Every structure is written in C-alpha cells, then in structure tokens.
Amino acid sequence: MPSLDRQDDVFVLHLGDGENRFHPDWIAAVAAALDEVGKVEGPRALVTTATGKFYSNGLDLEWLFTHADRHREYVVSVHELFARMLSLPLITVAALQGHTFAAGAMLSLGHDFRVMRADRGFWCLPEADIGIPFTPGMSALVQSRLTPRTAHEAMLTARRYGGEDAAAAGIVDRAVGEDAVLATAIEIARTQVNKAGDTVGTIKARMYAPALTVLRDTTDPLG
C-alpha cells in the first residue's frame, strides 16, 4: 500500500511494490497521503514513485468486473484523484521507475514533471488495444498535458514509449539511468519547494480549468 516519507521539504509518496492498480483502498490511501501533505504549511513539493517493475498498471479491472454496480462511483473516485493531482498547490514530480500504463500513465500526466527510466520500462495508454474507451475526463486530462500530435498517437495507437522516446515526444521531461530516477525527481522537486501556496494553486486551476471541469463533473462521468 502507498506510504509517505519526507526528505526535508520534499514529500515522497511511495505507491507500492506491486502493480499498484487503482483498487478503492489504494485510491483512499493515496488520497490520505495527499491530505497529509496538504496540511503542511511552508515550502514543500511532492514526488511520487514506486518499487519494482511497475509505477502503476492502471485501473483494478478485476475489482471493477466483480463490482459492476459500483462502476460509476469508482470512475468518479479515479477522476477526483486525477483532478486533485493536477491542481495541487505545490510542484509535483513523478519518478517513473517502471511500467506506467493506462490510468497509471494518466496519473503521471497529472504531475508537473516526470522523470523516467531510460533503459527499461514503458509508458503506454493501451485503451485502444484492450477495448476500453477513455472517459471524457481521461481524454481531457491527456489532451491538456500532451501536444496534439503526441496525444493523437498515444491514444489511438496504444504505442509503448520507452524512456528516450517518451522524452522525445514530450511525455516525460527527463530519461535517466535506473539509479538516478528518484534522485533526479527529488532534485527537481527540491528546487521548486518555495512555489507551494495559493498562487501556484490558482495558476494550475486556471491553466487546466477545462480539464478539471470535466474531471469533476459527476453527472455523467462515463460519457
């Protein structure tokens, strides 16, 4: 399960050591960690990372298929997590040490910056291959954070981007060696800790207003 550590003014949220799928309990644990970060005043920034093969493999489809009556509620909770990450009033950096797929890839796009391992692991939106369309909120998030050309390719072809290709496409900001992923993310975050506060929160809210509006629309989250 997710856990939160602190290195001076940088919070490090560890998403777990498995596939880190979006089980309701996992979503609740991430939300609780964000609550804890939000209670702190003064300089701060947030890094998220994981341990092992996966950063996150996306939605917990097994849970979802056995709880079909909670589909809408589940999607609303996922959308809210995306919206919250996208609008946090502090700088956020995703340290992608492993595979980052589907909703995991979308969560990474909710961060301000992304650092990815260069030699192994993929970033991918596989929805076109697995027959699950993006919700309106997911589409809005992806298109708000990627260039039109990259969003088009990533969403329609389900391309698997390695670290160097992801950097070239503007999906991630840096592609580095395995041992440098977390350290690089923390260093980026550390240089931005003084940005935390209402001003950054307002900038994000206005910059991503269209995507946030769709993500927070609970009337018809499935489209």
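This structure is a prediction, so every number in the text was calculated from the model and none was measured.

*Asks:* Sorry, what's going on with the packing of helix 3 (residues 71–87) against helix 6 (residues 136–145) here?
*Replies:* How two helices sit against one another is set out by the angle between their axes and by the gap between those axes. One way to put it is that helix 3 packs onto helix 6 with a least axis distance of 10 Å and a crossing angle of 25°. In terms of orientation, helix 3 lies roughly parallel with respect to helix 6. Crossing handedness for the pair helix 3 and helix 6: left-handed. Contact residues: helix 3 offers His79, Phe82 and Leu86, while helix 6 offers Gly137, Met138, Leu141 and Arg145. Among the residues forming the contact of helix 3 with helix 6, the class breakdown is four nonpolar, two polar and one charged.

*Asks:* I'm lost on the packing of aromatic side chains in this one. Help?
*Replies:* We describe a pair of aromatic rings using the distance from one ring centre to the other and the angle between the two ring planes. If you walk through the whole model with that rule in mind, you get four aromatic pairs. A ring pair is formed by phenylalanine 22 and tryptophan 26, whose centres lie 4.7 Å apart and whose planes are at 35°; its orientation type is tilted. The same class applies to phenylalanine 22 and to tryptophan 26, which are both buried. Linked through ring pairs, Phe22, Trp26 and Phe82 together constitute an aromatic cluster.

*Asks:* It is not clear to me how the side chain of asparagine 57 should be interpreted in this structure. Could you clarify?
*Replies:* The residue asparagine 57 is located in the loop between strand 4 (54–56) and helix 2 (61–66) in this model. Beyond its immediate chain neighbours, meaning those up to four positions away, asparagine 57 contacts Glu19, Asn20, Arg21 and Phe101.

*Asks:* Please explain the sheet that holds strand 4 as it appears in this structure.
*Replies:* Overall, mixed pairing links the four strands, which are arranged 4-6-8-9 in an open sheet. Edge strands, defined here as strands with exactly one partner in the open sheet, are strand 4 and strand 9 (160–161). In this sheet, strand 9 lies alongside strand 8 (residues 123–124) in antiparallel orientation, the contact comprising two bridges. Bridging across to strand 9, cysteine 124 finds its partner in arginine 160.

*Asks:* Quick question: what am I supposed to make of the pairing of strand 5 (residues 91–96) here?
*Replies:* Each regular strand carries side chains that alternate between the two faces of the sheet. Across the six residues that make up strand 5, a large majority, six, are buried. One ladder, built from four bridges, connects strand 3 (residues 45–49) with strand 5; its direction is parallel. Within the sheet, the bridge partner assigned to leucine 46 lies in strand 5 and is threonine 92. Two strands pair when backbone bridges link them, and strand 5 and strand 7 (residues 113–117) are joined in this way by four bridges, in the parallel orientation. Bridge pairing in strand 7 links valine 93 to phenylalanine 113.

*Asks:* Help me understand the pairing of strand 7, please; the structure alone is not making it clear to me.
*Replies:* With four of five residues buried, strand 7 lies mostly within the body of the structure. Two strands pair when backbone bridges link them, and strand 7 and strand 10 (residues 174–176) are joined in this way by three bridges, in the parallel orientation. Each residue of the ladder has a partner; that of methionine 116, found in strand 10, is alanine 175.

*Asks:* Just to check I follow, could you spell out the layout of surface pockets for this structure?
*Replies:* One way to see where empty space is left: roll a probe the size of a water molecule over the atoms. In this structure, the largest pocket occupies an estimated 230 Å³ of space. In terms of lining, the largest pocket is formed by 13 residues, of which the most central are Leu64, His71, Val75, Ile132 and Leu222. Broken down by secondary-structure element, the contributors of at least two residues to the lining of the largest pocket are helix 2 and helix 3. In terms of residues, the lining of the largest pocket owes the most to one element, helix 2, which gives three residues. Along the lines of polarity and charge, the residues of the lining of the largest pocket split into eleven nonpolar, two polar and no charged.

*Asks:* Would you mind showing me how to read the side chain of serine 56 here?
*Replies:* In this fold, serine 56 is placed in strand 4. The class of serine 56 is buried, set by a relative accessible area of 0%. At 3.2 Å, the side chain of serine 56 and the backbone nitrogen of glycine 58 are in polar contact. In this view, serine 56 contacts Glu19, Asn20, Phe22, His99, Thr100, Phe101 and Gly104; residues no more than four positions away in its chain are not counted.

Cut-offs and rules
Residues numbered from 1 in each chain as written. Predicted model: local features only at pLDDT ≥ 70, side-chain atom pairs only at ≥ 80, totals over all residues. Heavy atoms only, no water. Axes fitted to C-alpha atoms, helices over the stretch in contact; angles between N-to-C directions. Helix = DSSP H or I, 4+ residues; strand = E, 2+ residues; numbered from the N terminus. Parallel < 35°, antiparallel > 145°, perpendicular 65-115°, else oblique. Left-handed = near helix turned anticlockwise from the far one by under 90°. Contact = heavy atoms within 4.5 Å. Nonpolar A, V, L, I, M, F, W, Y, C, P; charged D, E, K, R; others polar. Phe/Tyr/Trp six-rings, centres within 6.5 Å; stacked < 30°, edge-to-face > 60°. Buried < 20%, exposed > 50% of the residue type's maximum accessible area, 1.4 Å probe, protein only. Pairing = 2+ DSSP bridges. 1 Å grid on protein atoms, 1.4 Å probe; cavity = no way out; pocket = protein on both sides within 12 Å on 5 of 7 lines; lining within 4 Å. Points joined across faces, edges and corners; volume = space filled by probe spheres on them. Polar contact = N/O pair within 3.5 Å; in protein donor to acceptor, adjacent residues only side chain to side chain.

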